[in-house]
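Per-entry structural report
Now for the letters of each chain:
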Amino acid sequence: MTKPDPDPSQTLERLQLLLYLVPVFGFFPALWSLYLKQGSRQEKAISRLVVTLAVGWLLTFGILSAGGQLAPSLSLRLLVSSTLVTTGYFTTNLWLMIRLLRGKPVKLPGISQLSNRLP
């Protein structure tokens, strides 16, 4: 027994949401969709989540990298921490992509509530 073909509009929206979840590069289309204030409710929620994750990662990465340059005695520890934060960011986005493809809700405890405060 074969599965029926999914609705083309749902397939297109799912591909668009997957594009938003691509680490680093997905930030820009997600930010653009928030700026235009258009899209479905799910698209807005995922866009807010992606922007929150990317900004949090960028700030944390920047602070740890700058600390690694400024404090020679802590340099190795801070740069390793920066690497772990980056790995976590990429892994989280991959995990959210898999959840989206499986049809499960794309939410993160704490971060989703924070991202809902964005316009």
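Worth saying up front: this structure is predicted, and the values here are computed from it rather than measured.

**Considerations on the layout of surface pockets**
Each pocket or cavity is described by its volume, and for the largest pocket that value is around 240 Å³. Around the largest pocket, the lining is made up of 14 residues, and of these Ala-45, Ile-46, Val-106, Lys-107 and Asn-116 lie nearest the centre. If you list the elements that add at least two residues to the lining of the largest pocket, you get helix H3 (41–70) and helix H5 (111–115). With 5 residues, the top contributor of residues to the lining of the largest pocket is H3.

**Description of the packing of helix H2 (residues 27–36) against H3**
Between H2 and H3, whose axes approach to 9 Å, the crossing angle comes to 130°. Comparing their axes, H3 and H2 come out oblique. The way H2 lies across H3 gives a crossing that is left-handed. Residue-level contacts link Phe-27, Ala-30, Leu-31, Ser-33 and Leu-34 of H2 to Glu-43, Lys-44, Ser-47, Arg-48, Val-50, Val-51, Ala-54 and Val-55 of H3. Here the residues of the contact of H2 with H3 are counted per class, giving 8 nonpolar, 2 polar and 3 charged.

**Quick word on the environment of Val-51**
Within the element layout of this structure, Val-51 appears in helix H3. Judged by relative accessible area, which is 9%, Val-51 ranks as buried.

**Quick notes on the packing of aromatic side chains**
One pass over the full model with this rule turns up 5 aromatic pairs. Judged by centre distance (5.2 Å) and plane angle (75°), the rings of Phe-27 and Phe-28 are edge-to-face. For Phe-27, a relative accessible area of 18% corresponds to the buried category. In textbook terms, an aromatic cluster arises when at least three aromatic residues are bridged by ring pairs, as seen for Trp-57, Phe-61, Tyr-89 and Phe-90.

**Overview of the nonpolar core**
Membership of the largest hydrophobic core comes to 20 residues, with the highest contact counts inside it found for Leu-21, Ile-46, Leu-96 and Leu-100. Secondary structure elements with two or more residues in this core: helix H1 (8–20), H2, H3 and helix H4 (75–102). No other element matches the 7 residues that H3 contributes to this core.

**What about a nonpolar patch on the surface?**
The grouping of Trp-32, Tyr-35 and Leu-36 at the surface amounts to a nonpolar patch, some 390 Å² of accessible area in total. If you trace the backbone, Leu-36 turns up in helix H2.

**Concerning the side chain of Asn-93**
For Asn-93, the location among the structural elements is in helix H4. For Asn-93, a relative accessible area of 3% puts it in the buried group.

**Let's talk about the confidence of the model for the chain**
Per-residue confidence for the chain averages 87 on the pLDDT scale, and 93% of its residues sit at or above 70. The element-level mean pLDDT for the chain is lowest in H5, coming to 80, with H4 highest at 93.

Reading guide: rules and limits
Residues numbered from 1 in each chain as written. Predicted model: local features only at pLDDT ≥ 70, side-chain atom pairs only at ≥ 80, totals over all residues. Heavy atoms only, no water. 1 Å grid on protein atoms, 1.4 Å probe; cavity = no way out; pocket = protein on both sides within 12 Å on 5 of 7 lines; lining within 4 Å. Points joined across faces, edges and corners; volume = space filled by probe spheres on them. Helix = DSSP H or I, 4+ residues; strand = E, 2+ residues; numbered from the N terminus. Axes fitted to C-alpha atoms, helices over the stretch in contact; angles between N-to-C directions. Parallel < 35°, antiparallel > 145°, perpendicular 65-115°, else oblique. Left-handed = near helix turned anticlockwise from the far one by under 90°. Contact = heavy atoms within 4.5 Å. Nonpolar A, V, L, I, M, F, W, Y, C, P; charged D, E, K, R; others polar. Buried < 20%, exposed > 50% of the residue type's maximum accessible area, 1.4 Å probe, protein only. Phe/Tyr/Trp six-rings, centres within 6.5 Å; stacked < 30°, edge-to-face > 60°. Core = buried A, V, L, I, M, F, W, Y, C linked by side-chain atoms within 4.5 Å. Patch = residues over 30% accessible without salt bridge, like charges linked within 9 Å, V, L, I, M, F, W, Y side chains within 5 Å. Areas by Shrake-Rupley, 256 points an atom, 1.4 Å probe, with all protein chains shown as cover. Salt bridge = Lys/Arg side-chain N within 4 Å of Asp/Glu carboxyl O. pLDDT = per-residue confidence, 0-100.

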